[in-house]
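Close look at the chain arrangement
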Amino acid sequence: MKSFSKREADRRMFLEQVRESKENGYLLSSKKIGSGAFSKVYLGYATQDKLMQNYKLASDLRSKRHSMVAIKIISTAEAPVEYTKKFLPREIYSLNVTYKHLNVIQLYEMYRNSKRTYLVLELASRGDLLEHINATSDRREFPGLEEEEARRLFRQIVSAVAHCHNVGIVHRDLKCENILLDERGFIKLTDFGFANRYSLKNSLMSTFCGSVAYTAPEILMSKKYNGELADLWSLGVILYAMVTGKLPFKERQPHKMIHVIKQGLAFRQPISPECQNLIEGLLQLKPVARLGLQQVATHRWMLPATSAIFHRV
Ligand SMILES: Nc1ncnc2c1ncn2[C@@H]1O[C@H](COP(=O)(O)OP(=O)(O)OP(=O)(O)O)[C@@H](O)[C@H]1O
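We now turn to the structure provided with this report. Everything numeric here is computed off the predicted structure, so don't read it as measured data. (Residues numbered from 1 in each chain as written. Predicted model: local features only at pLDDT ≥ 70, side-chain atom pairs only at ≥ 80, totals over all residues. Heavy atoms only, no water.)

We now examine the nonpolar core. Leu129, Phe154, Ile157, Leu235, Ile238, Met242 and Leu278 are the most contacted members of the largest nonpolar core, which totals 70 residues. Element by element, the count of residues in this core is highest for helix α8 (residues 227-244), at 11 residues. Ranked by size, the runner-up nonpolar core spans 14 residues in total, among them Ala46, Leu61, Ile73 and Tyr111. (Core = buried A, V, L, I, M, F, W, Y, C linked by side-chain atoms within 4.5 Å. Buried < 20%, exposed > 50% of the residue type's maximum accessible area, 1.4 Å probe, protein only. Helix = DSSP H or I, 4+ residues; strand = E, 2+ residues; numbered from the N terminus.)

Okay, structure coming up:
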């Protein structure tokens, strides 16, 4: 249990954040909607004055018919230097260059002082894809989403990733927990903390990013890797998780995971042959053998309505 003095310090800090947000045109509510390693995310509201000044925000919220936002507060004074100097700037850069796509979280505005950075983000109020898969599995009393729903959501995920790649951003941490849903049930890709930009089409990277279960084998083997092709592997893991409610390869330790992957992919419940074919096309050990995003978008399991796949808003 927190001591009285700790609770009092937290209360004072929160009031400071409320004041700083108000000075910047946002009403910070006490409803915490999530927390990360160095951040807390609260529900907030844009004031009328703010809506009159900020075109990005006003045009987006008008279509949503509400004034709610997610305010991510990062305690930069407490976070490690590597985070504030490397990962946070990458996240902000990626959110700025991926603006504006229906399936990527929007960064409306940022304000900061010597203690904190505030990111004012589009609100995705219906939790993440993992929670959605689990809740649906419980309701159906059968693991995974129905293929029709999985197809509708996966199309949006592919569209979001294609948009990122088109503007030169590789995500490098694609997983169900980083895919949020908004109040209308639209996919919103988030968490660009590991994202990186690449200028050369085939340039290789060497940093280990992401979660083991979703990580491409070439990264697990500490090889130089192509970020776009590594994202394709993660998409295969996500689709498998959507239709089966399980992860294709289960192992926590990176060095053991590669052996699990090499044992091959198994489907332990009935999945349509087209869906299996798409998953197998993505989960290819050799990066260059993986289906490209255009091939994924036009794969027979993804049809019909492929015309919407590369649509930008
Ligand atoms: N725009 C948003 N709308 C709704 N909820 C959000 C939004 N952004 C983040 N969240 C919630 O807040 C949680 C923390 O988000 P944040 O981006 O700080 O953490 P993270 O980067 O996933 O965590 P970590 O720092 O551990 O990697 C998310 O898991 C999600 O539940």
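Let's pick the thread back up.
All right, on to the site of the ligand then. Taken together, 16 residues are adjacent to the ligand, and Ala37, Ser39, Lys72, Glu122 and Asp191 come closest. Here an oxygen atom of the ligand sits 2.4 Å away from a polar atom, N or O, in the side chain of serine 39. Within the complex, the protein chains bury 74% of what would otherwise be the 610 Å² of accessible surface of the ligand. Among the secondary structure elements, those contributing two or more residues to the shell around the ligand are β1 (26-35), β2 (39-46) and β3 (68-74). A total of three residues in the shell around the ligand trace back to one element, the largest contributor, which is β1. Grouping the constituent residues of the shell around the ligand by class yields nine nonpolar, four polar and three charged. (Near = heavy atom within 4 Å. Polar contact = N/O pair within 3.5 Å; in protein donor to acceptor, adjacent residues only side chain to side chain. Areas by Shrake-Rupley, 256 points an atom, 1.4 Å probe, with all protein chains shown as cover. Nonpolar A, V, L, I, M, F, W, Y, C, P; charged D, E, K, R; others polar.)

On to the packing of helix α5 (residues 129-140) against helix α6 (residues 147-166). Where α5 contacts α6, the axes come no closer than 13 Å and their chain directions differ by 175°. For the element pair α5 / α6, the angle class is roughly antiparallel. Listed contacts from α6 to Leu129, His132 and Thr136 of α5 are Glu149, Leu153 and Ile157. (Axes fitted to C-alpha atoms, helices over the stretch in contact; angles between N-to-C directions. Parallel < 35°, antiparallel > 145°, perpendicular 65-115°, else oblique. Contact = heavy atoms within 4.5 Å.)

Next up on the list: the pairing of strand β5 (residues 117-121). In terms of burial, β5 is largely enclosed, as five of its five residues are buried. Of the strand pairs in this sheet, β3 and β5 are connected by five bridges, and their pairing is antiparallel. By the bridge assignment for β5, lysine 72 is matched with leucine 119. Bridging between strand β4 (residues 107-112) and β5 involves five bridges; their strand directions are antiparallel. Along β5, the bridge assignment pairs leucine 107 with leucine 121. The hairpin turn running from β4 into β5, its antiparallel successor, is four residues long. (Pairing = 2+ DSSP bridges.)

Structural measurements only, silent on function.
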